[in-house]
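Structural characterization, general
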Amino acid sequence: MNENPHLTLVLGGARSGKSAYAESTIVAHPGPWTYVATAEMLDDEMRARVDAHRLRRGENWRTIEAAQALVEAIADAPADRPLLIDCLTLWLSNRLLSGADISSDRAALVHALSSRAAPTVTVSSEVGLSIVPDNALARSFRDAAGELHQAVSRIAGRVALVVAGNPLIVKGRPID
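Each chain has its residues counted from 1, following the order in which its sequence is written. Reporting of local features is limited, given that this is a predicted model, to residues whose pLDDT is at least 70; pairs of side-chain atoms are given and counted only at 80 or more, and all residues count toward the totals for whole chains, interfaces and linings. Only hydrogens and water are set aside; all other atoms, that is, all heavy atoms of the structure, feed into the side-chain values.

Here we look at helix α6 (residues 136-155)
Working definition: helices are DSSP H or I runs of at least four residues, strands are E runs of at least two. Numbering for both runs from the N terminus. Every helix has an expected span of 1.5 Å times one less than the residues it contains. Along its 20 residues, α6 runs 29 Å from first to last C-alpha, staying within 8% of the 28 Å computed at 1.5 Å per residue. Contacts are residue-level and defined by heavy atoms, with any inter-residue pair within 4.5 Å sufficient. In the core, the buried residues of α6 are packed alongside β1 (4-12), α4 (88-97), α5 (102-114), β5 (120-125) and β6 (156-163). Counting of polar contacts relies on pairs of N or O atoms within 3.5 Å, with two restrictions inside protein: one atom must be capable of donating a hydrogen and the other of accepting it, and residues adjacent in sequence are counted only when both atoms are side-chain atoms. The N-capping residue of α6, defined by a side-chain oxygen 3.2 Å from the backbone nitrogen of L137, is N135.

Structure representation (structure tokens):
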């Protein structure tokens, strides 16, 4: 599959600033902007996180909820408008826990992302830099996340790793 120069993958750890960086990358393009949210608000703590993200973004964003149906959400988003997907690892976790075929899901997602002609930024948590998890499900998730990141990185024109709020450009050029 060919590289998509419109696609940026933003990786980082928890609370690294990756979402804020991704949002600033998207708003550098003319709106309106579409935000695809993959989080499921299953408890008060997650609701608070989602509310903080919404408040930071403001009212000029269209939001699509896609905890499971991310490929469909990408297809439903305006093809000619900037798109932000936050985040791939939450979507992956949702799919893994639902018993989905992760390999097929990854292939479908990569195909959908490679087809985008408008600026598209995906956010994902880099989970492979820590200790080896002590249980099979966590190891499976860590491995699937690494494989997903590699697959998206292969087609992304740009990859950034955000550390303590600072983006490090791993692939491609910095935004002017």
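Still to come is the rest of the account.
Some details on the sheet that holds β5
Strand order in the open sheet made by the seven strands is β3-β2-β4-β5-β1-β6-β7, with mixed pairing throughout. The outermost strands of the open sheet, each flanked by one partner alone, are β3 (61-65) and β7 (166-171). The sheet shows a mean angle of 20° between the axes of neighbouring strands, direction not considered. By definition, two strands form a pair when at least two bridges between them are found by DSSP. The pairing of strand β2 (residues 33-37) with strand β4 (residues 83-86) spans four bridges and is classified as parallel. Looking at the pairing, A37 lines up with D86 of β4. Every angle, taken between N-to-C directions, lies between 0 and 180 degrees, and every axis is a line fitted to C-alpha atoms, over only the stretch in contact when it is a helix.

Remarks on the side chain of S16
Within the fold, S16 resides in the loop between β1 and α1 (18-26). Within the structure, the side chain of S16 is placed 3.5 Å from the backbone nitrogen of K18, a separation counted as a polar contact. Ignoring any residue separated from it by four or fewer positions in sequence, one finds S16 in contact with V162, V163, A164 and G165.

Regarding the environment of V110
Following the sequence through the fold, V110 ends up in helix α5. Its relative accessible area of 9% is what places V110 among the buried residues. Distance in space between the C-alpha atoms of V110 and A156 is 9.6 Å, their sequence separation being 46 residues. In contact with V110, not counting residues within four places along its chain, are M1, A151, V152 and I155. Three labels apply to residues, based on accessible area from a 1.4 Å probe with only protein chains included: buried if under 20% of the type maximum, exposed if over 50%, partly exposed otherwise in between.

Everything listed here is a matter of geometry and, on its own, says nothing about what the molecule does.
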